[in-house]
Amino acid sequence: MESRGQKRSEIDDELPADKRACSSLEFRPSTSSSSQTPLNSVSSTPENNDQNNDHADHMDTESEGGEPEKDSAYDSCDDEEEEDHRHSELRDIQRQRAPGDHGKFQTIISSLSEVDLSQQLVMLNELCEVLSFCTEDSLSGSTSNSLSPILVKLARDETSADIMLLAIRAMTYLCDVYPKSSAYLVRHDAVSALCQRLLAIEYLDVAEQCLQALEKLSREQPLACLQAGAIMAVLNYIDFFSTSIQRVALSTVVNICKKLPSEGPSPFMDAVPTLCNLLQYEDPQLVENVAICLIRITERVSQSSEMLDELCKHGLIRQATHFLSLNGRTTLSQPIHNGLIGLLVKLSSGSVVAFRTLYELNISGILKDLLSTYDLSHGMSSSHVVDGHCYQVYEVLKLLNELLPTSARNQDAPQLSEKESYLINQPELLQKFGMDILPLLIQVVNSGANLYICYGCLSVINKLIYLSTSDMLVELLKNANISSFLAGVFTRKDPHVLISTLQIAELILQKFSDNFLDSFIKEGVFFAIDALLSPEKCSLVTLNKCSKLVFPVSSETRLLSEFSQKSASKEVLRCLCYAFPSSSPGSDNGSCMLEKDSVYSLAKHVRYKYFAPELCDPEKSLTDVLQKLRTFSASLSDLMNMSLDACAPDQHEESFYGVMNQVMEKLSGTEPISTFEFIESGILKSLMTYLSNDRYLRQKDELVATKGDIYAVEKRFEVFARLLFSSPDPFSRDLPIITLIRRLQSSLSTLENFPVILSHIPKQRNSYATVPYERHTAYPCMRVRFVRDKEETSLGDCSEDAFTVDPFSSLDAIEGYLWPKVNAKGTRHIKFATGVECQSECAPSSASSSQGGSQNAGELESISIDLPELKADEVNLTQPEPEREPSNEQANPGTSLDETYADTVEDVEAQSEEDTEMEEQYHSSCSNDDTSPKLFFYLEGKQLEWSLTLYQAILQQQMKEQEIVIGSKLWSKMYTLTYRKAVGQESAHKEGGDPAESSAVSDKAGVYALYASLFSSMFPCELSSDLEKSNPIYDIVYLLKSLESMNKFIFHLMSRQRICAFAEGRINDLDAFQIAVTQVPQNEFLSSKLTEKLEQQMRDGLAVSVGGMPLWCNQLMASCPFLFSFEVKCKYFRLAAFVPLLGQSPSPSHSDSGMTSDRRQSSGGLPRQKFLVFRNRILDSAAQMMDLHAYQKVLLEVEYDEEVGTGLGPTLEFYTLVSHEFQKSGLGMWREDGGFFTTGISHAEDTGILICPCGLFPRPWSSTMDASDGTQFSEVIKKFTLLGKIVGKALQDGRVLDLHFSKAFYKLILGQDLGLYDIQSFDPVLGRTLLEFKALVERKRFLESVHGENPTSEFDSCFRKTRIEDLCLDFTLPGYPDFVLASGFDHKMVNSTNLEEYVSLMADATINSGISRQVEAFKSGFNQVFPIEHLQIFTEEELERLLCGERDSWAFNELLDHIKFDHGYTASSPPIVNLLEIIHELDQEHRRAFLQFVTGAPRLPPGGFASLNPKLTIVRKVNTSEQLC
């Protein structure tokens, strides 16, 4: 079996050169043939060839460590340049030869008519040579018509094998040069002649050349080839040929099968046995072609049950199901898998034999595996999930619908069909089918399926419940929690979905009314049905608001390149009624088949038939659990309304503790609580109102926090934290907070209904957007007419013209284009014609950018130039850009280097004038101080939010009308935007000051300032604007955000509790402050459903920026990033931060690791720039590199002075060396009191690298100090600026740094404030000491409030039995005697009186004023690469993982799975097993050394070994003495 696809391959090499089959692709330079071979074009691209042919080089270079790795894209650039040069020369030759070709053809035609064999042989050779170099213009129809009969006659001449070979070769070249000649050859019976030679197969080279010729002919004349029996001719002796020739033979069959006639004889059926046999071959491309043929044949005979039964006799179903199984899915591409599922759909629809065979082969188990990939762990990138270009789940649902026939349900067909009878007689098969499929369907819907997938799942569930008997249904629904599932689906708006859900509910109540009645009430199904009868709901659910979707409406399956713009343009908006048609769908006119008020009628029928009338009384319909929870909610409301007695705050807190303790006991108890009961009780809203001290639902401008507000919030959160982080049951492994989080996550998954909007729009290169930057785009544009408001008199009018607007441009960018045109002061003589440029200085367009865009129309390169500026406004939807101050070198990419570098820097491609101008526009827009809007825009009378893009604004309005809007209508419609002058209003997107911060007390170590970063940022935040504040999802997300913040600050909360206890005398031991609090793992806050939805959305074709996604994606990511996985956040981060810079959309990833492709994608489309580096001046080289290229959109690669090699390895080593340089002692950058020095890690000499167990944190510098210990502060600032550039560039290029920053420094990078409690994270001794001092201050204050100014006990002001005065502390920063905290008579020595001020000044110097300039320098350097605000979606731990890679990812199985073995080695080879065991046992230091040697970096990239690209490869090498290594 292994050699079946490889037979006779050695014969080809043994034949003489003139006897071998020769493809015109090998002989002639024409590129026309490659463009005509869509099925093979994927494997013929330079990039793929590099990946396939150069993998051995990757193995050698990786194993050597220091040798560079050349990316395939880099190599292919040189190859493409050489190929273009070669083709240019050949085209010149063709132009010179063209005038004489016609005469040569006439001479050859006359000579071939002679009988002399030797003369014919010479002429045929000359003909092949002429055809190899001529163009289509050199040939005419008459010449081809004259040549055709002669060549056909010679091809039939059996007297000379050479003449036959050359004649057939000439046919091949003729079809290649002049495709129209195929018709002349067919007219003269060339196909029959070729088939005759194939069937005779006297000479292998002649037969191979026949296959080449037939492949060319079949492209233009498939019907003639079919009628002449070409299919059987090419397949008859296919085993005798090499794999490459077998592929040619199958390409011929594919070409024929693409155009099978809809009627008439079916000679192709004779080829089915051979084709089914070929499915067992090993060559993937061969098998894919065979699969395409069988898919086409099945589509052709889908209306004939007899022919479908005939197909089943040859093992087709068994082969297809094998490829669909998990074991076989890695062989074929995704479109072929979808096509095979479609093949099974056709077979099961028309053939009872196929229907039975699929059940006997346990098709439900295979489909279960396919559906399970819909909700994979989010560290993996799944290509199986349905999106805009992948219909696998859709095809699976169509197959499931066909496997569950319910024709008897139709009144027109009262008798059971043969398929239904089969299932009734085999109940065990149906039960097995239901047990496999039902849980997965519920999981798919719950994981965030889009509308038509949701509808398909409900359709299958509906049929399954209908066909199941009562006993069977008991088993099916036993563990499914169908009531909760239905309650969640009832949140959908589409009538089709609601009808299916009502039908399912009715079926269940028909068969098990007693069993499910209580469950339906408890889970809220009854209330959801009852709500459908209310006038408010009826107005929302009407047929005119049915969602129109794009889905495959034709019977043909899209395969590979056939999924083109042409086929996609035939798609129309269709009603869901036609998404999953039955075997006899009836008339297909596209209109909805639902009757008017069908949802209301069915809901009314179910409501009054199955539910008792007394349930209408709300009090009687309440469950016991719901009544109890409502009692708790009322208690919390009473506490909130109760006026706080200043003398009894503890009693108030204990009352809150008691109520919440009862709530948590109820949630953790044995009695189940449904999502409906949990939400309907109002406990969430009452809890959030109480915790926020009634600031929860107020508008942002109403939030004026006072000291009392913050103090109240602080105390309530402390009590709440004490409850949630202490387990009442010592045997319980879960803390109460985990129970609450999981309950909230379950409720969120059930209730949320954020839409995933898939475009299904093919990419269009030639779209041109006039607004805002006059550029070509790779996606459709929107047509907009700007109309002045009727009441507006001070602005000009430009309503006469329609503009094409970039849909992903922000309103700020649109205003920048429109304002100079409509501003009455400066536009008196401006014409408003589309495309005419504004001469105002504010105009965002320029002549150079416009010309550059028009010159590159239709070219892919223009996309990468045009898009960055388009997305400049998208980078900053929520926060203003930081100012950028480029140096002269940065502003001018053409600045020359000094003589040392001039000869060594390789210029890949300098920035064009257009690119430079767009860069300047981008930076100027970033540094624009005037952020208030000049214009307000209105769409259909409603003001548009300033933070939205035009696409999002239109989407928001249309989604209010229906659940989802997709299709060409969205893009073809003319939109009218009304504008008026913005007067007397603040910017809608301008960040307001923090109210809590403004009211904080002045002492920086005071209680209010310490908690401002936690409590003030928690409540005045904006969640998704899609949600009304009355929406329960708002409560859920808000409480999750509060719990996540509490978890993050739990050490602060617990420490504060201990300080208060010490102050009040409840504890007297300062050692009690050393508490260990276990934080909840961050993945507990992750919402798998929202993560999956966002991942689907980012795979859509229009997700070229964050502005091309629904608004909820941006707003939830900004306000609640903890809901999403690290991998998805990385993809979003790169989309938000780098796509505006790259100017192109990253292609979907299909690798096994989400991080692999993401880190490579970010730089895959950038030009590469080599840079010479000197090892003895590594920081100087890095500084010069960043000065030149920090702004530029280039991928940096390093080569070392007087060393050979460049690429990934040396570049990673460079970043590692730079990282070590920044960690050396004596730089004045880092605190060195908490660290120690180490000798060289990878070098023999001492490197002096500072190793801090808690991580690096900036050293404090006083504002009055210019130098210290010989280090100038100006040099420190320069180094922090350079460090920021290095970090930003490493993130942009996907490089790994070997830096160990402290958690506190990461918080500063993320824009978070530090407090007194953060000091302990990077300097435990100092932090703990300051906390103890703070405790003494609080005790002193408490005693003074109780006993007056004179404390009763001197001991109370002592630090560990020592008076503060006896500690001999002065007002200088410990470890930095030059840093004076304060001067003056009262600030010489620290005593009990000024201890509070000392703590405040110490904290300020350590985490605020002493390091602020260094941090700002770091951020300014970082911002020169991309805005640092994009990092704020990550936690500190995630940011370290993103920047520095993985720490521990050395599991033995991971090593085995992600290391490649080649050149004679396999995973089971003894040397490999021994090596992996040694690697697995390495300690941390040796692991770093191993990775440094192999990859150039001592740490793995995010994702571990799976993210190495290329893979780590181990090869077998034999030396000269025949010894194995």
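Above this text sits the structure in question.
The structure presented is a predicted model; accordingly, all values stated were derived computationally and were not measured.

**Description of the overall build of the chain**
Here's step 1: From N to C terminus, the chain includes 69 helices and 21 strands.
Here's step 2: The proportion of buried residues among the 1525 residues of the chain is 56%.
Here's step 3: The long-range share in the chain, meaning contacts at least 24 apart out of those at least 6 apart in sequence, stands at 76%.
Here's step 4: Surface exposure of the chain reaches about 63,200 Å², of which carbon and sulfur atoms provide 49%.

**A word on the sheet that holds strand β7 (residues 935–939)**
Here's step 1: With mixed pairing, 5 strands are arranged side by side in an open sheet as β6-β5-β9-β7-β8. Among the strands making up the open sheet, the edge pair consists of β6 (802–805) and β8 (942–943).
Here's step 2: Summarising the sheet, β7 and β8 pair through 2 bridges and their orientation is antiparallel. Within β8, the residue paired with Leu939 across the bridge is Lys942.

**Thoughts on the pairing of strand β5 (residues 782–788)**
Here's step 1: In the sheet, β5 pairs with β6 via 4 bridges, with the strands oriented antiparallel. Note that in β6 the partner of Arg785 across the bridge is Ala802.
Here's step 2: Across 6 bridges, β5 lies against strand β9 (residues 974–981) in parallel orientation. Note on β9: the bridge partner recorded for Arg783 is Met974.

**Looking at the environment of Ile757**
Here's step 1: Inspection of the secondary structure assignment puts Ile757 in the loop between α40 (736–751) and β3 (767–769).
Here's step 2: A relative accessible area of 2% means that Ile757 is categorised as buried.
Here's step 3: Separated by 198 residues in the primary sequence, Ile757 and Leu955 place their C-alpha atoms 9.4 Å from one another.

**Looking at helix α66 (residues 1436–1444)**
Here's step 1: Within α66, 7 of the 9 residues are buried, which leaves it mostly tucked inside the rest of the structure.
Here's step 2: In the segment just after α66, Gly1445 is the residue with positive phi, at about 80°.

**As for the pairing of strand β20 (residues 1459–1462)**
Here's step 1: A one-sided burial pattern is seen for β20, the buried positions being Ile1459 and Phe1461 and the unburied ones Lys1460 and Asp1462.
Here's step 2: Judged from the 4 bridges that link them, β20 and strand β21 (residues 1512–1515) form a sheet pairing that is parallel. Bridging across to β21, Phe1461 finds its partner in Ile1514.

**What about the nonpolar core?**
Here's step 1: By size, the foremost hydrophobic cluster in this structure holds 181 residues, and its most contacted members are Leu235, Leu275, Leu344, Leu347 and Leu400.
Here's step 2: Those residues in contact with Leu235, other than ones at most four positions away along the chain, are Leu250, Val253, Ala271, Thr274, Leu275 and Leu278.
Here's step 3: Listed in part, the 170 residues of the second largest apolar core include Ile679, Leu1217, Phe1418 and Phe1422.

**A word on the packing of aromatic side chains**
Here's step 1: This model, assessed by the stated rule, comprises 39 aromatic pairs.
Here's step 2: Taking the centre distance of 3.8 Å and the plane angle of 5° together, the rings of Phe1257 and Phe1322 count as stacked. With Phe1257 in the loop between β13 (1249–1251) and β14 (1267–1268) and Phe1322 in helix α62 (residues 1319–1322), this pair connects stretches of sequence that are 65 residues apart.
Here's step 3: Phe1257 sits in the buried class, given a relative accessible area of 1%.
Here's step 4: Taking the relative accessible area as the measure of exposure, Phe1322 reaches 6% and is therefore buried.
Here's step 5: Taking the centre distance of 6.3 Å and the plane angle of 35° together, the rings of Phe1418 and Phe1422 count as tilted. In this pair, Phe1418 and Phe1422 both sit in helix α65 (residues 1412–1423), 4 residues apart, roughly one turn of the helix. Taken individually, Phe1418 and Phe1422 each receive the classification buried, so the pair is uniform in this respect.
Here's step 6: By way of ring pairs, the aromatic residues Phe1126, Phe1133, Phe1138, Trp1230, Phe1280, Phe1301, Phe1305, Tyr1306, Phe1418, Phe1422, Phe1426 and Phe1434 are connected into one cluster.
Here's step 7: Sitting above the plane of the Tyr608 ring, Arg607 keeps its charged end 4.9 Å from the centroid.

**Some remarks on the packing of helix α7 (residues 117–133) against helix α8 (residues 141–155)**
Here's step 1: In the contact formed by α7 and α8, the axes pass within 13 Å of each other and the chain directions differ by 125°. The pairing of α7 with α8 is recorded here as oblique in orientation. For α7 against α8, the interelement crossing comes out left-handed. Contacts between α7 and α8 involve Gln120, Leu124 and Leu127 from the first element and Leu147, Leu151 and Leu154 from the second.
Here's step 2: In terms of residue class, the contact of α7 with α8 is built from 5 nonpolar, 1 polar and no charged.

**Looking at unusual backbone geometry**
For residues besides glycine, phi is generally negative; the peptide bonds are generally trans as well.
Here's step 1: Along the chain, Val771 connects to Pro772 via a cis peptide bond; the corresponding omega equals 5°.
Here's step 2: As for its position among the elements, Pro772 is in the loop between β3 and β4 (775–777).
Here's step 3: One non-glycine residue, Asn481, lies in the positive phi region at around 50°.
Here's step 4: Relative to the assigned elements, Asn481 resides in the loop between α27 (470–477) and α28 (482–489).
Here's step 5: The exposure class assigned to Asn481 is partly exposed, which follows from its relative accessible area of 43%.

**Remarks on the state of the cysteines**
Here's step 1: For the structure on display, the rule yields 0 disulfides.
Here's step 2: Cysteine Cys312 remains unbridged, with the sulfur of Cys276 as its closest cysteine sulfur at 9.7 Å.

**Points about the pattern of salt bridges**
Here's step 1: Across all of its chains, the model carries 46 salt bridges by this definition.
Here's step 2: The residue Arg156 makes a salt bridge to Asp189 at a minimum N-O spacing of 3.2 Å. Pair noted here: Arg156 is in the loop between α8 and α9 (161–177) and Asp189 is in the loop between α10 (181–187) and α11 (190–200), with a separation of 33 residues, a long-range link.
Here's step 3: Using a relative accessible area of 37% as the deciding quantity, one classes Asp189 as partly exposed.
Here's step 4: A salt bridge links Glu1213 to Arg1175, with the nearest nitrogen and oxygen atoms 3.1 Å apart. Separated by 38 residues along the polypeptide, Glu1213 in helix α59 (residues 1208–1222) and Arg1175 in the loop between β10 (1168–1173) and α58 (1178–1189) bring together distant segments of the chain.

**Here we look at the packing of helix α20 (residues 334–350) against helix α21 (residues 352–360)**
Here's step 1: α21 packs onto α20 with a crossing angle of 120° between their chain directions and a minimal axis gap of 5 Å. Here α20 is positioned oblique relative to α21, judged by the angle of their axes. At the point where α20 passes α21, the crossing takes the left-handed sense. When α20 is examined against α21, the residues Leu344, Leu347, Ser348 and Gly350 are found in contact with a partner set consisting of Val352, Ala354, Phe355 and Leu358.
Here's step 2: The class makeup of the residues in the contact of α20 with α21 is 6 nonpolar, 2 polar and no charged.

Reading the values: the criteria
- Residues numbered from 1 in each chain as written.
- Predicted model: local features only at pLDDT ≥ 70, side-chain atom pairs only at ≥ 80, totals over all residues.
- Heavy atoms only, no water.
- Helix = DSSP H or I, 4+ residues; strand = E, 2+ residues; numbered from the N terminus.
- Buried < 20%, exposed > 50% of the residue type's maximum accessible area, 1.4 Å probe, protein only.
- Contact = heavy atoms within 4.5 Å.
- Areas by Shrake-Rupley, 256 points an atom, 1.4 Å probe, with all protein chains shown as cover.
- Pairing = 2+ DSSP bridges.
- Core = buried A, V, L, I, M, F, W, Y, C linked by side-chain atoms within 4.5 Å.
- Phe/Tyr/Trp six-rings, centres within 6.5 Å; stacked < 30°, edge-to-face > 60°.
- Lys NZ or Arg CZ within 6 Å of the ring centre and 35° of its normal.
- Axes fitted to C-alpha atoms, helices over the stretch in contact; angles between N-to-C directions.
- Parallel < 35°, antiparallel > 145°, perpendicular 65-115°, else oblique.
- Left-handed = near helix turned anticlockwise from the far one by under 90°.
- Nonpolar A, V, L, I, M, F, W, Y, C, P; charged D, E, K, R; others polar.
- Disulfide = S-S within 2.5 Å.
- Salt bridge = Lys/Arg side-chain N within 4 Å of Asp/Glu carboxyl O.

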